[in-house]
Amino acid sequence: MKKDNKKIKVAFPHMGTIYIAWAAALRKVGVEPFIPPYTSKKTLSLGTKHSPEAICLPYKLILGNFIEAVEGGADYVAMISSPGICRLGEYGACIKNALSDMGYKANYIELTLYDGIKGMYNFLKQISGKNDPVLFLRAIILAMRKVFILDDLETKLSYYRAREMTYGEAEKHFIKALKIIDGAMTTRQLNKAKKLAFAEMDKTKYNPNKEVLYVDITGEIYLVCDKFSNQDIVKELGKMGVQTRKSLTVSSFLKDAIIPKAFRKGETHLQRANRLAKPYLMRDIGGDALECVSDVAYANERGIDGIIHISPFTCMPEIMSQNIFPAMRANCDIPILPLIMDEQTGKAGYLTRLEAFVDLMRRRKRKIQQQKKQEEAIK
Ligand code: SF4
């Protein structure tokens, strides 16, 4: 799609590092990605000002991203849509109306997530004005491969951050690694970039023998993946010597919703959710509730030190899952910290809760280790 011989600029909302994958798919089909400034307090205040008061936090932040994108010169704003039972299904129409009420002229375009590859194909066709199946397939594969690499890099970052010798070193290498992945535009370049990016991460000086805690992070996917909305929980925990694992990631979502069954390996997150959540929640109630309930059981099964559940204030599915956790205590002996976030959440109180939780997990771990030692001595 071209405007006065200029490329159309298309903006997507932020959610962690996903902008790198979107940008790759758009560039591949000849469309210019417009990457709005990363979500900030300004984004939040813009979004909040023009949103219904009780709507969930991701809506406010996405709207804020779009306002900043349009004011920065984006011609199109692209939003994902899903037919879910929760408010996500309404986001598209509400955002479109809000932007038009504010007098912005930007065009609005939707990507229907649950149409899988077909939905992505149609989106690229519409946005590029081309009809080139081979090119679109290459763009989709490139973007999806980037998503998997980015998630693996985050896992690496979490490992090194909890053990690094100099505070901030792992993150410095991570930022360089992201730039390397961002620059790759073909399969061959991406293969090379992947090796370089992981080699960059491996430059971090760390103590492999440091005793760390292991914590899973579950909750509403936007909050789990987006560091602004979760107040960079992974970084804060890393500073306290905690290695985290995000239970909800974009790559796990792709395996469930986009990648055809024939190309998947092993059990997907949704398949595991259906298996492990069943005793507590019989069916999908929208959002990520089913996955969150199963994530508690999965974390317990692996014997890790704790699980944190993050959800936006007024998120209906996550209110349900938080109310199921107490009933899981009979079978799941794992510390759970529920955190509810909104635009009023202050940093100091939030950090105090994290510190107290880490302290609790540390004492519990020591107690378990002592008990084991005593049992072995008796044998
Ligand atoms: S899952 Fe919760 S936060 Fe996300 S769109 Fe639905 S209601 Fe809102």
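Given the structure is predicted, the values throughout are model-derived calculations rather than measurements. (Residues numbered from 1 in each chain as written. Predicted model: local features only at pLDDT ≥ 70, side-chain atom pairs only at ≥ 80, totals over all residues. Heavy atoms only, no water.)

1. Some remarks on the nonpolar core
Argument step 1. Membership of the largest hydrophobic core comes to 77 residues, with the highest contact counts inside it found for Ile95, Phe123, Ile233, Ile308, Leu339 and Leu354.
Argument step 2. Counting residues per element, this core draws most heavily on helix H3 (residues 57–72), which supplies eight residues.
Argument step 3. Setting aside anything within four residues of it in sequence, one finds Ile308 in contact with Val215, Asp216, Ile217, Thr218, Ile233, Leu237, Leu337, Leu339, Leu354 and Phe357. (Core = buried A, V, L, I, M, F, W, Y, C linked by side-chain atoms within 4.5 Å. Buried < 20%, exposed > 50% of the residue type's maximum accessible area, 1.4 Å probe, protein only. Helix = DSSP H or I, 4+ residues; strand = E, 2+ residues; numbered from the N terminus. Contact = heavy atoms within 4.5 Å.)

2. A short note on the pairing of strand E9 (residues 306–312)
Argument step 1. Of all seven residues in E9, seven are buried, a share of seventy percent or more.
Argument step 2. Residues of E9 alternate between two faces, with Gly306, Ile308, Ile310 and Pro312 on one and Ile307, His309 and Ser311 on the opposite face, all of them buried.
Argument step 3. In this structure, strand E7 (residues 213–219) lies alongside E9, joined through five bridges in parallel fashion. Paired with Gly219 across the two strands is Ile310, which belongs to E9.
Argument step 4. Examined bridge by bridge, E9 and strand E10 (residues 336–341) share six bridges and lie parallel to one another. The residue bridging His309 from the neighbouring strand is Pro338, located in E10.
Argument step 5. Note on the crossover from E9 through helix H14 (residues 316–328) to E10: the handedness is right-handed. (Pairing = 2+ DSSP bridges. Right-handed = clockwise from strand over helix to strand, strands pointing away.)

3. Points about the side chain of His173
Argument step 1. By secondary structure assignment, the location of His173 is in helix H7 (residues 169–183).
Argument step 2. By relative accessible area, His173 is classed as buried at 7%.
Argument step 3. If we ignore the near neighbours within four places in the chain, the residues touching His173 are Glu200, Met201, Lys203 and Thr204.

4. Notes on the site of the ligand
Argument step 1. Around the ligand sit Cys56, Pro58, Cys86, Arg87, Leu88, Tyr91, Glu220, Gly287, Pro312, Cys315, Met316 and Pro317, and that is every residue in its neighbourhood.
Argument step 2. Within the residue set of the shell around the ligand, elements represented by two or more residues are helix H4 (88–101) and H14.
Argument step 3. Tallied by class, the residues present in the shell around the ligand amount to nine nonpolar, one polar and two charged.
Argument step 4. Viewed by domain, the shell around the ligand spans two of them, domain 1 (2–131) and domain 3 (211–378), each represented by three or more residues. (Near = heavy atom within 4 Å. Nonpolar A, V, L, I, M, F, W, Y, C, P; charged D, E, K, R; others polar. Domains from an automatic or database assignment.)

5. Description of the sheet that holds strand E8 (residues 242–246)
Argument step 1. Spatially, E8-E7-E9-E10 is the arrangement adopted by the four strands of the open sheet, whose pairing is parallel. The sheet is open, and its two borders are formed by E8 and E10, each paired with just one other strand. Pairs of neighbouring strands in the sheet enclose a mean axial angle of 25°, with direction left out of account.
Argument step 2. With five bridges connecting them, E7 and E8 associate as parallel partners. When the sheet's bridge partners are listed, Val215 is paired in E8 with Thr244. (Axes fitted to C-alpha atoms, helices over the stretch in contact; angles between N-to-C directions.)

6. What to know about H14
Argument step 1. The end-to-end C-alpha separation of H14 is 19 Å, in line with the 18 Å expected for 13 residues at 1.5 Å each.
Argument step 2. Looking at H14, one finds that the buried residues are Pro317, Glu318, Ser321, Gln322, Ile324, Phe325 and Met328. Seen from one end, H14 has its buried residues packed into an arc of 165°, which puts them on one side. Those residues of H14 that are exposed and angled more than 90 degrees off the buried face are Asn323, Pro326 and Ala327.
Argument step 3. Lining the buried residues of H14 we find E7, helix H13 (289–301), E9 and E10. (Expected span 1.5 Å × (residues − 1). Arc of directions from axis to C-beta.)

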